[in-house]
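What follows is the residue order along each chain.
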Amino acid sequence: MAIIIDGAKLAQEIRTEIKNEVKKLIINNKRAPGLAVIQIGADPASTIYVRNKIKACAEVGVESFGFTLQNTATEQEVLSLISDLNADSRIDGILCQLPLPVHIDQNKIIFAIAPDKDVDGFHPYNVGLLSMGNPNALVACTPQGCIKMLKAYGIPTRGKRAVVVGRSNIVGRPMALLLLGLDCTVTITHSHTPAEDLPAICREADILVAATGKAGLITPEFVNSDQVILDVGISRTTNGKIVGDVDFTAVEPIVKAITPVPGGVGPVTIAMLLKNTLASYRRRMAD
Ligand code: GUN
């Protein structure tokens, strides 16, 4: 029986801390931190994520500014909105929900967001700081949430073997850099890692981070009894159930600790967005 890493509870604790900090700002007649959330089009999953982010802002007293653009919005329209938000002193964080419609160049959007308002941590300036191990980086929320979970549960990292399955800019790459910064020996696997090699590579891990979006990829042959598993995947099964990359029912009895889906990495990710927004606010107010 594994320790179940309770992301919902941890996220609630972090939100309470942030809420108290925002309360203190308001008592001292400061403005609330502000987060702009841009959604382009009506992708159903994105709509749910954006709604959850805006709800989390309201819960802690962060002011949210939602912008929903039609699927037909031009790249120039989005860039012009971002330029306005970059200049708006009420806004401390700007987030453009991905994926974007195919006619919009994702890199152009990411590059346009002012690095000091880049609460997603996707801008090359912040990615560069992260890759240098510089603590001033705004770090992508999902991998940052994963690290928060490891720390909250006292899971050691120094000298441990970490395997990250998936090399996306949103999760896999920044996750590997964070684990490296915590003195893990890090392996990244990806879609070109031969499928027949994957179980043995994963089985070597003390910490296994699964971030592929392939439901049930991680089965008992990928794990060992001392392993801690962070399941970042979110997929919907044909009968509407939300599941992760890990076959939880089969794997949970074997490993040392595991995050459930839902109620694992997801809620902590949103808490990290609030944390980044508050950090960005404090830095900008101090300038
Ligand atoms: N789409 C999936 N995850 C994320 C995220 O963390 N940030 C943004 N902006 N879009 C996403």
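These notes cover the structure that comes with them. (Residues numbered from 1 in each chain as written. Predicted model: local features only at pLDDT ≥ 70, side-chain atom pairs only at ≥ 80, totals over all residues. Heavy atoms only, no water.)

Quick look at the pattern of salt bridges
Then, number 1: Per the stated rule, a full pass over the model turns up nine salt bridges.
Then, number 2: Arg31 is paired through a salt bridge with Asp92; the nearest N and O atoms lie 2.8 Å apart. Separated by 61 residues along the polypeptide, Arg31 in the loop between α1 (7-27) and β2 (34-40) and Asp92 in the loop between α3 (75-87) and β4 (93-96) bring together distant segments of the chain.
Then, number 3: When the shortest N-O distance is used, the salt bridge between Arg90 and Asp88 registers 2.7 Å.
Then, number 4: On the basis of relative accessibility, which here comes to 45%, the residue Arg90 falls in the partly exposed class. (Salt bridge = Lys/Arg side-chain N within 4 Å of Asp/Glu carboxyl O. Helix = DSSP H or I, 4+ residues; strand = E, 2+ residues; numbered from the N terminus. Buried < 20%, exposed > 50% of the residue type's maximum accessible area, 1.4 Å probe, protein only.)

Here's the deal with the site of the ligand
Then, number 1: Taken together, Lys53, Leu95, Cys96, Gln97, Leu98, Asp120 and Phe122 make up the full set of residues adjacent to the ligand.
Then, number 2: Cys96 places a main-chain nitrogen or oxygen 2.9 Å from a nitrogen atom of the ligand.
Then, number 3: In the model, a nitrogen atom of the ligand is placed 3.0 Å from a nitrogen or oxygen of the Leu98 main chain.
Then, number 4: With the chains in place, 83% of the 280 Å² that the ligand exposes on its own is no longer accessible.
Then, number 5: If you map the ligand onto the pockets, it falls in the largest pocket.
Then, number 6: Of the residues contributing to the shell around the ligand, the split by class is four nonpolar, one polar and two charged. (Near = heavy atom within 4 Å. Polar contact = N/O pair within 3.5 Å; in protein donor to acceptor, adjacent residues only side chain to side chain. Areas by Shrake-Rupley, 256 points an atom, 1.4 Å probe, with all protein chains shown as cover. 1 Å grid on protein atoms, 1.4 Å probe; cavity = no way out; pocket = protein on both sides within 12 Å on 5 of 7 lines; lining within 4 Å. Sits in = over half its atoms within 2 Å of the grid points. Nonpolar A, V, L, I, M, F, W, Y, C, P; charged D, E, K, R; others polar.)

Examining the layout of surface pockets
Then, number 1: The space that makes up the largest pocket amounts to roughly 1,400 Å³.
Then, number 2: In this structure, the largest pocket is lined by 47 residues; those nearest its centre are Tyr49, Thr142, Ile234, Gly266 and Thr269.
Then, number 3: Every element with two or more residues in the lining of the largest pocket is listed here: α2 (44-60), β4, α6 (141-152), β9 (235-236) and α10 (265-286).
Then, number 4: Considering each element in turn, the lining of the largest pocket owes the most residues, nine residues, to α2.
Then, number 5: When the residues that make up the lining of the largest pocket are grouped by side-chain class, the tally is 24 nonpolar, 15 polar and eight charged.
Then, number 6: In terms of lining residues, the second largest pocket is bounded by 23 residues, among which Leu130, Asn134, Pro135, Val139 and Leu178 are the most central.
Then, number 7: At the level of elements, α5 (124-131), α6, α7 (172-181) and α10 are the ones that each hand at least two residues to the lining of the second largest pocket.
Then, number 8: The element best represented in the lining of the second largest pocket is α10, accounting for five residues. (Points joined across faces, edges and corners; volume = space filled by probe spheres on them.)

Overview of the packing of α2 against α10
Then, number 1: Contact geometry of α2 with α10 gives a least axis separation of 10 Å together with a crossing angle of 55 degrees. Between α2 and α10, the interaxial angle falls into the category oblique. Considering only the axes of α2 and α10, their crossing is right-handed. In this structure, α2 contributes Asn52, Lys53, Ala56, Cys57 and Val60 to the contact, and α10 contributes Ile270, Leu273 and Leu274.
Then, number 2: Grouping the amino acids of the contact of α2 with α10 by side-chain chemistry returns six nonpolar, one polar and one charged. (Axes fitted to C-alpha atoms, helices over the stretch in contact; angles between N-to-C directions. Parallel < 35°, antiparallel > 145°, perpendicular 65-115°, else oblique. Left-handed = near helix turned anticlockwise from the far one by under 90°. Contact = heavy atoms within 4.5 Å.)

Quick word on the sheet that holds β2
Backbone hydrogen bonds hold the strands of a sheet together, and the pairing may be parallel or antiparallel.
Then, number 1: Across the sheet, three strands lie side by side as β3-β2-β4; this open sheet has parallel pairing. Each end of this open sheet is capped by a strand with a single partner; those strands are β3 (63-69) and β4. Taking the axes of each pair of neighbouring strands and ignoring which way they run, one obtains an average angle of 15 degrees across the sheet.
Then, number 2: Pairing between β2 and β3: seven bridges, direction parallel. Pairing of Gly34 across the sheet is with Glu63, part of β3.
Then, number 3: Of the strands in this sheet, β2, β3 and β4 touch α3, which is tilted by about 180 degrees from β2. (Pairing = 2+ DSSP bridges.)

Things to note about empty space enclosed by the protein
Then, number 1: Inspection of every chain in the model, using the stated rule, returns two cavities of 30 Å³ or more.
Then, number 2: Estimates place the volume of the largest cavity at around 60 Å³.
Then, number 3: Lining the largest cavity, in full, are Cys96, Leu98, Ile109, Ile110, Ile113, Asp118, Asp120, Phe122 and His123.
Then, number 4: Within the lining of the largest cavity, the residues separate by chemical class into six nonpolar, one polar and two charged.
Then, number 5: In this structure, the second largest cavity occupies an estimated 30 Å³ of space.
Then, number 6: In this structure, the second largest cavity is lined by Gln39, Ile40, Gly41, Asp43, Ser46, Gln97 and Pro99.
Then, number 7: Broken down by class, the residue content of the lining of the second largest cavity amounts to two nonpolar, four polar and one charged.

Let's talk about the environment of Lys19
Then, number 1: Relative to the helices and strands, Lys19 resides in helix α1.
Then, number 2: In this structure Lys19 comes out as partly exposed when scored by relative accessible area, which is 34%.
Then, number 3: In the structure, Lys19 is positioned 94 residues away from Ile113 in sequence and 26 Å away in space, judged by C-alpha atoms.
Then, number 4: Once residues within four sequence positions are removed from consideration, Lys19 is found in contact with Glu59 and Val60.

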